[in-house]
There are 2 protein chains.
Amino acid sequence: MQMDITPFLNRNLDIPLYQQLYRYFKENMHQGRIQKGMKLPSKRLLASQLSISQTTVERAYEQLAAEGYIVSKPRSGWFADYHDSDFAYRKMPSASLIKEKAQENKQWIDFHYGNVDSSYFPFSAWRKSMVNSLDQYGHELYRPGNDLGEFELRTLIAEYLYQSRGVHCIPEQVIIGAGNPILLQILCQVFEPNISIGYEDPGYPRARKIFEANRMNILPIPVDDEGICIQKIKEQQPNLVYVTPSHQFTLGTIMTINRRIQLLKWAAENQSFIIEDDYDGEFRYTGQPVPSLQGLDQHNRVIYMGTFSKSLLPSLRISYMILPSPLLKKGHDITSLYKQTVSCHSQLTLAEFIKNGEWQKHINRMRKLYRKKRAILLEAVQSELGKHVRIRGENSGLRILLDVYLPFSEKELIEKAKEHGVKIYPVSLSYKNNPPTKTVSLGFAGVSEFNIREGIKKLKAAWKI
Amino acid sequence: MQMDITPFLNRNLDIPLYQQLYRYFKENMHQGRIQKGMKLPSKRLLASQLSISQTTVERAYEQLAAEGYIVSKPRSGWFADYHDSDFAYRKMPSASLIKEKAQENKQWIDFHYGNVDSSYFPFSAWRKSMVNSLDQYGHELYRPGNDLGEFELRTLIAEYLYQSRGVHCIPEQVIIGAGNPILLQILCQVFEPNISIGYEDPGYPRARKIFEANRMNILPIPVDDEGICIQKIKEQQPNLVYVTPSHQFTLGTIMTINRRIQLLKWAAENQSFIIEDDYDGEFRYTGQPVPSLQGLDQHNRVIYMGTFSKSLLPSLRISYMILPSPLLKKGHDITSLYKQTVSCHSQLTLAEFIKNGEWQKHINRMRKLYRKKRAILLEAVQSELGKHVRIRGENSGLRILLDVYLPFSEKELIEKAKEHGVKIYPVSLSYKNNPPTKTVSLGFAGVSEFNIREGIKKLKAAWKI
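Treat the numbers as computed from the prediction; the structure is a model and nothing was measured.

Calculation rules
- Residues numbered from 1 in each chain as written.
- Chains lettered and ligands numbered in written order.
- Predicted model: local features only at pLDDT ≥ 70, side-chain atom pairs only at ≥ 80, totals over all residues.
- Heavy atoms only, no water.
- Helix = DSSP H or I, 4+ residues; strand = E, 2+ residues; numbered from the N terminus.
- Rg over C-alpha atoms; globule rule 2.2 N^0.38 Å.
- Buried < 20%, exposed > 50% of the residue type's maximum accessible area, 1.4 Å probe, protein only.
- Contact = heavy atoms within 4.5 Å.
- Areas by Shrake-Rupley, 256 points an atom, 1.4 Å probe, with all protein chains shown as cover.
- Lys, Arg positive; Asp, Glu negative; His and termini not counted.
- Charge placed at Lys NZ, Arg CZ, Asp CG, Glu CD.
- Phe/Tyr/Trp six-rings, centres within 6.5 Å; stacked < 30°, edge-to-face > 60°.
- Salt bridge = Lys/Arg side-chain N within 4 Å of Asp/Glu carboxyl O.
- Polar contact = N/O pair within 3.5 Å; in protein donor to acceptor, adjacent residues only side chain to side chain.
- Pairing = 2+ DSSP bridges.
- Right-handed = clockwise from strand over helix to strand, strands pointing away.
- Expected span 1.5 Å × (residues − 1).
- pLDDT = per-residue confidence, 0-100.
- Least-squares fit on C-alpha atoms with pLDDT ≥ 70 in both.
- Axes fitted to C-alpha atoms, helices over the stretch in contact; angles between N-to-C directions.
- Parallel < 35°, antiparallel > 145°, perpendicular 65-115°, else oblique.
- Left-handed = near helix turned anticlockwise from the far one by under 90°.
- Nonpolar A, V, L, I, M, F, W, Y, C, P; charged D, E, K, R; others polar.
- Patch = residues over 30% accessible without salt bridge, like charges linked within 9 Å, V, L, I, M, F, W, Y side chains within 5 Å.
- Core = buried A, V, L, I, M, F, W, Y, C linked by side-chain atoms within 4.5 Å.
- 1 Å grid on protein atoms, 1.4 Å probe; cavity = no way out; pocket = protein on both sides within 12 Å on 5 of 7 lines; lining within 4 Å.
- Points joined across faces, edges and corners; volume = space filled by probe spheres on them.

Visitor: Lay out the overall build of chain A in plain terms, naming residues and giving numbers.
Guide: What chain A contains, in helices and strands, is 17 helices and 16 strands. Rg of the C-alpha trace for chain A: 31 Å, well past the compact-globule value of 23 Å for 465 residues, more than 25% over. Seen through its C-alpha atoms, chain A measures out along the principal axes to roughly 95 × 55 × 50 Å. Counting only residues that meet the buried cut, chain A has 60% of its 465 residues in that class. Residue pairs at least 24 apart in sequence account for 72% of intrachain contacts in chain A once pairs closer than 6 positions are excluded. When the accessible surface of chain A is totalled, it reaches about 18,900 Å², and 51% of it is carbon and sulfur. Side-chain charges in chain A split into 61 positive and 48 negative, and the spacing between the mean points of these groups amounts to 3 Å.

Visitor: Run through the packing of aromatic side chains, naming residues and quoting values.
Guide: All names here are of chain A. According to the stated counting rule, one finds 28 aromatic pairs over all chains in the structure shown. Between Trp-126 and Phe-353, the ring centres sit 5.1 Å apart and the planes meet at 70°, which makes this aromatic pair edge-to-face. Separated by 227 residues along the polypeptide, Trp-126 in helix H5 (residues 123-137) and Phe-353 in helix H14 (residues 344-355) bring together distant segments of the chain. Like Trp-126, the residue Phe-353 is buried in the burial classification.

Visitor: An account of the interface of chain B and chain A is needed here, citing residue identities and associated values.
Guide: Where the parts come together, the accessible area they lose is often given as the size of the interface. Between chain B and chain A, the residue contacts involve 100 residues of the former and 100 residues of the latter. Connecting chain B to chain A are two salt bridges. A salt bridge links Asp-135 of chain A to Arg-127 of chain B, with the nearest nitrogen and oxygen atoms 2.9 Å apart. Taken together, chain B and chain A are joined by 14 residue pairs in polar contact (both at pLDDT 80 or more).

Visitor: How would you explain the environment of Val-243 of chain A if you had to name every residue and give the values?
Guide: All names here are of chain A. Relative to the helices and strands, Val-243 is located in strand S8 (residues 240-243). Measuring from C-alpha to C-alpha, the distance between Val-243 and Ile-228 comes to 7.6 Å, with 15 residues separating the pair along the chain. Setting aside residues no more than four positions away along its own chain, Val-243 makes contact with Glu-200, Ile-228, Met-255, Leu-263, Ile-274, Ile-275, Glu-276, Asp-277 and Leu-293.

Visitor: Just give me the short version of the sheet that holds strand S13 (residues 399-404) of chain B, but keep the residues and values in it.
Guide: All names here are of chain B. Ordered in space as S12-S13-S16-S15, the four strands form an open sheet in which the pairing is antiparallel. Single-partner strands in this sheet number two, and they are strand S12 (389-392) and strand S15 (425-426). Relative to strand S16 (residues 439-443), S15 runs antiparallel, the two being bridged by two bridges. Paired with Pro-426 across the two strands is Val-440, which belongs to S16.

Visitor: Tell me what's going on with the pairing of strand S6 (residues 217-224) of chain A, and back it up with residues and numbers.
Guide: All names here are of chain A. The pairing of strand S5 (residues 196-201) with S6 spans six bridges and is classified as parallel. Bridge pairing in S6 places Ile-197 opposite Ile-218. For the crossover from S5 across helix H8 (residues 205-213) to S6, the handedness is right-handed. Here S6 pairs with strand S7 (residues 227-228) via two bridges, running antiparallel. Bridge assignment links Asp-224 to a residue of S7, and that residue is Gly-227.

Visitor: Please give an account of the sheet that holds strand S15 (residues 425-426) of chain A that cites residues and values.
Guide: Sheet strands associate in pairs through backbone hydrogen bonding, adopting either a parallel or an antiparallel arrangement. In space, the four strands of this open sheet follow the order S12-S13-S16-S15 (chain A), with antiparallel pairing throughout. Edge positions in the sheet fall to strand S12 (389-392) and S15 of chain A, since each has one partner strand and no second.

Visitor: Outline helix H15 (residues 358-385) of chain B, supporting the account with residue identities and numerical values.
Guide: Between its terminal C-alpha atoms H15 of chain B stretches 39 Å, which fits the 40 Å expected from 28 residues at 1.5 Å a residue. In the segment just after H15 of chain B, Gly-386 of chain B is the residue with positive phi, at about 45°.

Visitor: Break down the confidence of the model for chain A for me, citing the residues and quoting the values.
Guide: Confidence in the prediction of chain A, expressed as mean pLDDT, is 87, and 92% of residues score 70 or more. For residues 85-104 of chain A, every residue scores under 50 in pLDDT, and the model assigns this stretch 39 contacts once sequence neighbours within four places are set aside.

Visitor: Describe the relation of the copies chain B and chain A, with residues and values.
Guide: In screw terms, the move from chain B to chain A is a rotation of 180° and a rise of 0.0 Å along the axis, fitting with an RMSD of 0.1 Å. The transformation just described matches what one would write down for a two-fold rotation axis. Taken together, the interface assignments show that 100% of the residues at the interface of chain B recur at the interface of chain A, consistent with an identical surface on both copies.

Visitor: With reference to specific residues and values, describe unusual backbone geometry.
Guide: For the bond running from Asp-201 of chain A to Pro-202 of chain A, omega is 10°, close enough to zero to count as cis. With respect to the secondary-structure elements, Pro-202 of chain A resides in the loop between S5 and H8. One non-glycine residue, Asn-434 of chain A, lies in positive phi territory at about 40°. Following the sequence through the fold, Asn-434 of chain A ends up in the loop between S15 and strand S16 (439-443). Look at Asn-300 of chain B: it is not a glycine, yet its phi comes out positive at around 55°.

Visitor: Explain the packing of helix H7 (residues 180-190) of chain B against helix H13 (residues 325-338) of chain B residue by residue, including any values.
Guide: Residue and element names in this part refer to chain B. Packing of H7 against H13 leaves a shortest axis separation of 9 Å and a crossing angle of 125°. Here H13 runs oblique to H7, going by the angle between their axes. Considering the relative orientation of H7 and H13, their crossing is right-handed. Between H7 and H13, the residues in contact are Ile-186, Gln-189 and Val-190 and Leu-327, Lys-330, Gly-331, Ile-334, Thr-335 and Tyr-338, respectively. Of the residues belonging to the contact of H7 with H13, the class tally is five nonpolar, three polar and one charged.

Visitor: How would you sum up the pattern of salt bridges? Please name residues and give values.
Guide: For side chains bearing opposite charge, pairing can occur when the charged atoms are close. As enumerated under the stated definition, the model contains 32 salt bridges over all chains in all. In this structure, a network of salt bridges that share partners links the residues Arg-390, Arg-392 and Asp-403 of chain A.

Visitor: Before we move on, can you summarise the environment of Lys-209 of chain B with the specific residues and values?
Guide: Mapped onto the elements of the fold, Lys-209 of chain B is located in helix H8 (residues 205-213). Note: C-alpha distance between Lys-209 of chain B and Pro-181 of chain B (28 residues apart in sequence) is 9.9 Å.

Visitor: Can you break down a positive patch on the surface residue by residue, with the values?
Guide: The grouping of Arg-215 and Lys-330 of chain A together with Arg-215 and Lys-330 of chain B at the surface amounts to a positive patch. Along the chain, Arg-215 of chain A turns up in the loop between H8 and S6.

Visitor: Can you break down the nonpolar core residue by residue, with the values?
Guide: Trp-463 of chain A together with Trp-463 of chain B are the most contacted members of the largest nonpolar core, which totals 146 residues. Within the second largest apolar cluster, 70 residues are counted, among which are Tyr-204 and Ala-213 of chain A together with Ile-197 and Leu-240 of chain B.

Visitor: Explain helix H1 (residues 17-30) of chain B to me, and be specific about the residues and the numbers.
Guide: All names here are of chain B. Between its terminal C-alpha atoms H1 stretches 20 Å, which fits the 20 Å expected from 14 residues at 1.5 Å a residue. Within H1, 11 of the 14 residues are buried, leaving the element largely enclosed by the surrounding structure. Taken together, the buried positions of H1 are occupied by Tyr-18, Gln-19, Gln-20, Leu-21, Tyr-22, Tyr-24, Phe-25, Lys-26, Asn-28, Met-29 and His-30. Looking at the buried residues of H1, the elements they touch are helix H2 (43-50), helix H3 (54-66), strand S1 (70-73) and strand S2 (77-80).

Visitor: How would you summarise the side chain of Ser-133 of chain A if you had to cite specific residues and measurements?
Guide: Residue and element names in this part refer to chain A. With respect to the element layout, Ser-133 can be found in helix H5. With a relative accessible area of 0%, Ser-133 lands in the buried category. There is a polar contact of 2.9 Å between the side chain of Ser-133 and the backbone oxygen of Met-130. In this structure the side chain of Ser-133 is engaged in a polar contact, spanning 3.2 Å, whose partner is the side chain of His-345.

Visitor: Outline the side chain of Ser-346 of chain A, listing residues and values.
Guide: Within the element layout of this structure, Ser-346 of chain A appears in helix H14. A polar contact is formed between the side chain of Ser-346 of chain A and the side chain of Ser-343 of chain A, at a distance of 2.8 Å. Discounting chain neighbours no more than four positions away, the residues touching Ser-346 of chain A are Ile-318 of chain A together with Ser-346 of chain B.

Visitor: Which residues make up empty space enclosed by the protein, and what values do they have?
Guide: Counted by the stated rule, this structure contains eight cavities of 30 Å³ or more. Reported here for the largest cavity is a volume of approximately 290 Å³. Lining the largest cavity are 25 residues; nearest its centre among them are Met-130 and Ser-346 of chain A together with Ser-343, His-345 and Ser-346 of chain B. Elements with a contribution of two residues or more to the lining of the largest cavity: H5 and H14 of chain A together with helix H5 (123-137) and helix H14 (344-355) of chain B.

This is the structure in structure tokens:
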């Protein structure tokens, strides 16, 4: 059957005529007025009907054909080839249905351990590095970069780690990634599925969740004053162990040299690997940093992980890991599968920043600052909370723990603090089975000196001390 | 037993005396000259022996104690607590052992489909956006950003996708990530392990490898001139289907509207999901883009993925995906686990760049440029290679396929080209079982107009046409 169509083409619209025609046909098909098999008017006919050029009709038909709405049959013309008029736009989920955490207006005193004091970030130096690298490298920035990370940055990281943490590596062992979690994910795929991993209990919950998401078998290993318990490791014999020796993620313990050597010995004897997460090794308050496991290791059993989130800024999203030679091949393959996750320019900006000595300057400055904040915090806790609390994990890192000797649960301690405008954090979540504790975590890096004192005063009030 | 020690402390060194003392003890213990249980001299004694202050000795001992080298016993002083002298530094893997692809000096004519023409990148406009956002947001850039991506950028992406691709979404559905592979990885974890996924065969090999790395059950589904074969999907009934409808990743087919509707119907009826990877939907050469599956979908079955790698630059590492409401909760949780992988500043730079209309300007410009390059390529292939090849997949995207009617295998065709300085790429790798083909892939976006002509001339010579 032949169709009788009367499209109205509006020459005053910005929309070209061929598109108006195209849309007319499309809508008519969607609304079922033009049905599959119907013959379309010939180009010549339609062109004369609508007094438009045949080219205009041709472009419209071409478009319809390209999208499969119509087909041309040899020597018989164009036919609608579209069925299913069920084409109304579906509704979108309403925003209310989803709810993202809205920005809170309330001015909290927030002791979140993940924060740093960004007010000291060397903005102009960073800006300079950024613009310099942009102008210096120009179009080079646009070629697909090295999957493992820019070689220049990896070289600087290797040098830095050797000097500051005794880490022994060459740039080929360094892999850059957009944050520690992504690198942990890559690492999980370097190992076989369903392997067992020893996990400090309490430890870094995000790491545990990533191991779980990769279906690893999590073996909780207790931690004492010297670090992770080797005896328990020997009983469980995991294929892999995840530790935070510089500053045990939850308790703040510094793993002793003997414990480190025992751990390395065990790993060497059992051909197991150790993931050393040195997330804030830069910040120690008594003496120099303890030598890293990677630096002590003689049998290539250690995967070393570090980040610029604490020593520079979390929002830069730049971390790194050092693979031991046995894992290099597989590690490079997996990393290449996901490609490099940090932009070329960010990497070269950081490289420039490090080369100019700005980073070291910044770390030294922050070390002083955090040492001062820590002192203020400890002093405030002593004078305000006194014998009602015990301080733990204060020798390094950017947070402390408080064991609270009051008739309140962890949850109650946190809620009462919140009622007084202070955010402190639970320790129970760091344990695999979230046992009840009476311990809370206070990160001090992101809190001003004034607010540290204020915050502790508020805790005193909140806890009715 | 009491030890007799004679450290030489050099007052002319930059190294503080306490550190020299600390190192002296440490080395002696490592070398076994001071053994576990030996008593160290009292602070007073050593201070007077070396005529240094007791504080200096105290700091050294404190440091040694902190690292577990010595312990103090009540009322009897300090004792070495360190055993195992097996402490020599282990060797690092030699660079030769690892080998990264060294930068090649040879000037190839490289038809890699992943390249874009970066010489047209609006450098100064980008630089301006970058510096503006830096100065405008300043310290705001340093707070930990939104795990899903900056809301402002997600809003702009939602608007753009609605206008240009008919994608219906609100910003809450948009998730930013450092490249398509990372988003695919997150997506894999949104679904249960061991689910089956329909995969266009041939299709995007990297995606297939990521599905395999996540132990999904890959079901190869053939592709015909209209797109993926629905009949085969119905036979296999996968839980999930990964398609590239705008420009079938390997063959360049554009999925017809009917095939799209059949696919959506099947997904709705079987409560399956479709991953629509619209990696280069911006570039179509005949008419407008075909409406996206996501835009046609009425039952929230489509996950839409896009990237700025093709439409802007690969090295920026910015991609996005649009989750349908049923997957939002899980998707947000998994994304938060890995945190946002694109730096706050990169996101806001891009937002600024889009708001200023620079991005749209760039896309239009590149569309013209690529259309021209494509025409030159097709013309060159016709005139140089003529009847010996057949062109496929030329209606959209940034590459074409050549079926070669010559007595050479795919491998031989590529090697002969390489001998003449031209890099072309195999198609067999896109098939799950890498069958032998006589088809090669030529991406033209990253090749200059002159080199396109040159490259094809060289192919003619290489293949002895």
